[in-house]
Amino acid sequence: MSVLARFRITTKILSVIAILGFVAVVISGVAIVSLSHLSQATDEMTDYSERALLAARVDASMLAVGRAQFRLVADPRPAARRESQRQIETELATLETRLEALEATATPQYRASLDTVRKDLVLYRQGLEAVFEAADKVTDVDAGAEVEALRAAAAANTVIAEDLRYHASDIAERLSQRVSEASEAATAEYHSSTTIILAVAGVGIVAGLVLGAVIAHVGIGTPIRGIVEVLKRLAAADYQTAVPGVDRVDEIGDVARAALIFKENGLEAERLRAETAD
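Residue numbers run consecutively from 1 along every chain, following the written order of its sequence. In view of the model being predicted, local features appear only for residues whose pLDDT reaches at least 70, and side-chain atom pairs are presented and counted only at 80 or more, with totals across whole chains, interfaces and linings using the full set of residues. Note: side-chain values were computed over all heavy atoms of the structure, leaving out hydrogens and water.

(A) Fine view of the overall build of the chain. The helix and strand labels rest on DSSP assignments: H or I over at least four residues marks a helix, E over at least two residues marks a strand, and numbering proceeds from the N terminus. Within the chain, the regular secondary structure consists of five helices and zero strands. We compute the radius of gyration over the C-alpha atoms and compare it with the globule rule, which gives 2.2 Å times the number of residues raised to the power 0.38. The C-alpha atoms of the chain give a radius of gyration of 44 Å, which is well past the 19 Å a tight globule of 278 residues would have. Once the C-alpha set of the chain is aligned to its principal axes, its extents read approximately 155 × 30 × 20 Å. Pairs of residues are marked as contacts when any of their non-hydrogen atoms sit within 4.5 Å. When contacts within the chain are restricted to residue pairs at least 6 apart in sequence, those whose partners lie at least 24 apart make up 74%. Taken together, the 29 basic and 39 acidic charged side chains of the chain have centroids lying 5 Å from each other. The positive count covers Lys and Arg only, the negative count covers Asp and Glu only, and His and the chain ends enter neither. A single reference atom marks each charge: NZ on Lys, CZ on Arg, CG on Asp, CD on Glu.

Have a look at this one:
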């Protein structure tokens, strides 16, 4: 008795369905894991992008402060000086807000650079105080010594500003690099998941088709055709024909055993007719 003969037809059909269901579950699992990873990568990209933008804005604020300082040096007259100082204080307040936001989301690998930016900002503020003091001492824009002192204070402070901007730009660049790395990881995850899904789907479909064909042909179609042929012979009173499949566990075995009973009854009827004729 073959292996397929040991199972009911319903069980055979359900086995094919189970294989296809398992494939669907695996594909769903891979898709869920992939979507989870892609979601994490997206969150990382968003986080790094926001921090990179903050770092770039810190650099932009420093550039704005530098421009206001340049205007102060270029025109240290009282009215222009007050306007320049007001712009500097406004830009410094914006810079402080952006730097605090960047510090609040900083990771350990950027903490050292942010501490350097913070120290440079303290030095820069001190330098600005020196610039303001030098500007206040300018009583005549044509007075060479007073203007030169103002320019010297501004030049010294510009060096600190350049160092601060360098570290802020470095942070922004490294964060942008992390965005690129997260994007590449997400792309690799997408391609890997797609390959796995296609492979599992292909193998599962082929396995389901092969198993379904084997079950349909070997486990159902051929035995049914055989038992139908036997039934035709028995209907034609050919009770000497052999009845195959009586030991099968499936529905075909049920039909075969019923055909065997029909055959035995037919043989018994022939024996009785022979005795009556004698």
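(B) Examining unusual backbone geometry more closely. Even without a glycine there, the phi angle at alanine 237 is positive, about 70°. Position of alanine 237 among the secondary structure elements: in the loop between α4 (144-235) and α5 (251-277). With a 1.4 Å probe rolled over the protein chains alone, any residue whose accessible area is under 20% of its type maximum counts as buried; one over 50% counts as exposed, and the rest are partly exposed. With a relative accessible area of 40%, alanine 237 lands in the partly exposed category.

(C) Structural view of the layout of surface pockets. Both site types are read off a 1 Å grid over the protein atoms alone. A 1.4 Å probe that fits but cannot get out defines a cavity, while an open set with protein on both sides within 12 Å along at least five of seven lines defines a pocket; lining residues have an atom within 4 Å of a point. Grid points are joined across faces, edges and corners, and a volume is the space filled by probe spheres set on the points. Approximately 150 Å³ is the volume attributed to the largest pocket. Taken together, 13 residues make up the lining of the largest pocket; nearest its centre are Gly66, Arg67, Gln69, Thr158 and Glu162. Secondary structure elements with two or more residues in the lining of the largest pocket: α1 (9-74) and α4. A total of seven residues in the lining of the largest pocket trace back to one element, the largest contributor, which is α1.

(D) Representation of the nonpolar core within the structure. Here, nonpolar core refers to any group of buried Ala, Val, Leu, Ile, Met, Phe, Trp, Tyr and Cys residues whose side-chain atoms link them within 4.5 Å. In terms of nonpolar packing, the biggest core is built from 38 residues, with Ile88, Leu92, Leu128, Leu150 and Ile171 touching the most fellow members. Of all the secondary-structure elements, those providing two or more residues to this core are α1, α2 (78-104), α3 (108-136) and α4. Counting residues per element, this core draws most heavily on α4, at 11 residues. Judged by nonpolar contacts, the second largest core, of seven residues, contains Ile227, Val230, Val243 and Ala259.

(E) Fine view of the environment of alanine 41. Within the secondary structure layout, alanine 41 lies in helix α1. You can call alanine 41 buried: its relative accessible area is 9%. Between the C-alpha atom of alanine 41 and that of glutamate 189, which follows or precedes it by 148 residues, the distance is 9.5 Å. Every residue in contact with alanine 41, bar those within four places of it in the chain, is listed here: Ala182 and Ala186.

(F) Structural view of α5. In this model, α5 (27 residues) spans 39 Å end to end at C-alpha, consistent with the 39 Å of a helix rising 1.5 Å per residue. Within the span of α5, buried status applies to Ile252, Gly253, Ala256, Ala259, Lys263 and Gly266. Lining the buried residues of α5 we find α4. What a helix should span is 1.5 Å times the count of its residues minus one.

(G) How the structure looks around the side chain of aspartate 59. Along the chain, aspartate 59 falls in helix α1. Under the rule applied, a polar contact is a pair of N or O atoms within 3.5 Å (in protein, one hydrogen donor and one hydrogen acceptor; residues adjacent in sequence only if both atoms are side-chain atoms). Here the side chain of aspartate 59 touches arginine 165 through a polar contact of 2.6 Å, side chain to side chain. In this structure, aspartate 59 is in contact with Arg165, Ala168 and Ser169, ignoring residues within four places of it in sequence.

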